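# A closer look at the structure
Okay, here's what each chain looks like letter by letter:
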Amino acid sequence: MPYEMILVDTRGEGERRTGFITLNRPKQLNALSDPLMDELGRALRAFDADDGIGCIVLTGSERAFAAGADIPTMAPHTFMSAFKSGLISKNWETILEIRKPVIGAVAGFALGGGCELAMMCDFIIAADTARFGQPEIKLGIIPGAGGTQRLPRAISKSKAMDMLLTARMMDAAEAERAGLVSRVVPAEQLMAEALTAAETINGFSGPSTMLIKELVNLAFQGPLTDGVAIERRYFHALFGSDELKRAYLPRVASGEQIAAFWSDPAHRLGKTWIDHRDINMVMLATSLAPESYLQI
Ligand code: DAK
């Protein structure tokens, strides 16, 4: 089924490419409606299931990433209709189920639900034109897609209270200082920067990127001790990987220097016997003493 409110394409080179999803309701500044969120969820799931895709970039227009939930379609709701239809829930959080990294590339307004959607991305690269805000209070409502929960975790209680209670917008420079975004670039470089970041990720092990994403999200959402315990289990589990044993252990056992092995660009690019998916296994392995492998 074709998309009407988003644009979808793939970019980059190599074995795994980057899936781009562009919110495309220009007249409404990409206001987020139910049909749009359905399409977004469908596109995200399709990229997640595609072995040729390593990473996803979610973006909007130069003027707006998204100016919030679509106000006219929300306005008629009553408590019961909002509750029964699961307003801003069932199809708004598909992005949280995606296992591949999702980069938010934000230019212009990211307000209300737009800011909340950006915060659901794994990290945000912002154009210097980006402006973030949670202006719901001006409408007499509150955020409905996690704004009161993710914003304080991302930028501190004080700044979150300030933004939520005064409805002021935060520019890109302040958003970077506060930790809401990972980098700020001139607007005209936004897409290139996002693609470069995505291609870097695409060059690493897919399973490792998925595990890192899962664990960082656990750190963001859950208690520290649980997160560290689960991280340890996954770390141990990676040593059960056939790839690790086939690709790396024989070389260590034969006495090859780790540094020499790793500095060979052919290995780094996965052009020889070592497949690119092994690379992160190797990186994990190099953090332990060689004797450890010989006991596995
Ligand atoms: N929804 C629908 N259309 C929107 C929109 C939105 N959120 N934001 C902007 N637009 C539309 C404008 O209506 C305008 O359309 P036309 O009049 O040209 O047809 C067009 O986009 C351009 O907007 P402006 O002319 O206002 O452009 P400016 O550059 O002057 O201002 C702005 C840009 C982003 C600062 C301004 O448009 C603005 O403040 N927009 C609203 C931002 C906002 O408050 N977002 C929503 C946050 S609240 C619920 C009810 C509501 C909600 C939830 C539940 N219930 C009753 C259950 C809302 C949730 C939110 O996300």
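The coordinates are above.
Remember, it's a predicted structure, so these values are computed and weren't measured experimentally.

## Quick notes on the overall build of the chain
Each helix and strand counted, the chain has 16 helices and 10 strands in total. Looking at the chain as a whole, 43% of its 296 residues are labelled buried. Across the chain, contacts joining residues at least 24 apart in sequence account for 67% of those joining residues at least 6 apart. Counting every atom, the chain has about 15100 Å² of accessible surface; 59% of that belongs to carbon and sulfur.

## Looking at the packing of aromatic side chains
For the structure on display, the rule yields one aromatic pair. Ring geometry for Phe79 and Phe83: centres 5.8 Å apart, planes at 10°, overall stacked. Of the two residues, Phe79 and Phe83 both sit in helix 3 (residues 79-85), four residues apart, roughly one turn of that helix. Residue classification places Phe79 among the exposed residues on the basis of a relative accessible area of 63%.

## Overview of the layout of surface pockets
The space that makes up the largest pocket amounts to roughly 1100 Å³. Taken together, 41 residues form the lining of the largest pocket, with Asp122, Ile212, Lys213, Val216 and Asn217 sitting closest to its centre. Counting residues per element, the ones that place at least two in the lining of the largest pocket are helix 4 (113-120), strand 7 (123-127), helix 5 (147-155), helix 9 (206-221), helix 10 (224-238) and helix 15 (279-285). Broken down by element, the lining of the largest pocket gets its largest block of residues, 13 residues, from helix 9. Taken together, the residues that form the lining of the largest pocket break down as 27 nonpolar, seven polar and seven charged.

## Digging into the sheet that holds strand 2 (residues 17-23)
Strand order in the open sheet made by the six strands is 1-2-3-5-7-10, with mixed pairing throughout. If you trace the sheet from one side to the other, it starts and ends with strand 1 (6-11) and strand 10 (183-185), each paired once. On average, adjacent strands in this sheet sit at an angle of 20° to one another, irrespective of strand direction.

## Thoughts on the pairing of strand 2
Of all seven residues in strand 2, six are buried; the element is thus mostly enclosed. Pairing of strand 1 with strand 2, which is carried by six bridges, proceeds in the antiparallel orientation. Bridge assignment links Arg11 to a residue of strand 2, and that residue is Thr18. Taking the residues between adjacent antiparallel strands as the criterion, strand 1 and strand 2 are bridged by five residues, where Gly12 takes a positive phi near 95°.

## Observations concerning the pairing of strand 7
Extensive coverage of strand 7 is indicated by the burial of four of its five residues. Here strand 7 runs beside strand 10; their pairing, made up of three bridges, is parallel. Bridge pairing in strand 10 links Ala127 to Val185.

## Some points on the packing of helix 4 against helix 5
To describe two helices that pack against each other, one gives the angle between their axes and the distance between the axes. At a closest axis distance of 10 Å, the pairing of helix 4 and helix 5 adopts a crossing angle of 55°. In terms of axis orientation, helix 4 runs oblique to helix 5. In this structure, helix 4 crosses over helix 5, and the sense of that crossing is left-handed. Judged by residue contacts, Glu116, Met119 and Met120 of helix 4 engage Gly147, Arg150 and Leu151 from helix 5. By residue class, the composition of the contact of helix 4 with helix 5 is three nonpolar, one polar and two charged.

## Quick word on the pattern of salt bridges
Overall, the coordinates contain eight salt bridges when judged by the stated rule. Arg11 is the salt-bridge partner of Asp9, the closest N and O atoms lying 2.7 Å from each other. Given a relative accessible area of 27%, Asp9 falls into the partly exposed group. Among the salt bridges present, the one from Arg25 reaches Asp70, with a minimum N-O distance of 2.7 Å. One end of the pair, Arg25, is in the loop between strand 2 and helix 1 (34-49); the other, Asp70, is in the loop between strand 4 (64-66) and helix 2 (71-74), and 45 residues separate them in sequence. A single burial state applies to Arg25 and to Asp70, both of which are buried.

How each quantity is defined
- Residues numbered from 1 in each chain as written.
- Predicted model: local features only at pLDDT ≥ 70, side-chain atom pairs only at ≥ 80, totals over all residues.
- Heavy atoms only, no water.
- Helix = DSSP H or I, 4+ residues; strand = E, 2+ residues; numbered from the N terminus.
- Buried < 20%, exposed > 50% of the residue type's maximum accessible area, 1.4 Å probe, protein only.
- Contact = heavy atoms within 4.5 Å.
- Areas by Shrake-Rupley, 256 points an atom, 1.4 Å probe, with all protein chains shown as cover.
- Phe/Tyr/Trp six-rings, centres within 6.5 Å; stacked < 30°, edge-to-face > 60°.
- 1 Å grid on protein atoms, 1.4 Å probe; cavity = no way out; pocket = protein on both sides within 12 Å on 5 of 7 lines; lining within 4 Å.
- Points joined across faces, edges and corners; volume = space filled by probe spheres on them.
- Nonpolar A, V, L, I, M, F, W, Y, C, P; charged D, E, K, R; others polar.
- Pairing = 2+ DSSP bridges.
- Axes fitted to C-alpha atoms, helices over the stretch in contact; angles between N-to-C directions.
- Parallel < 35°, antiparallel > 145°, perpendicular 65-115°, else oblique.
- Left-handed = near helix turned anticlockwise from the far one by under 90°.
- Salt bridge = Lys/Arg side-chain N within 4 Å of Asp/Glu carboxyl O.

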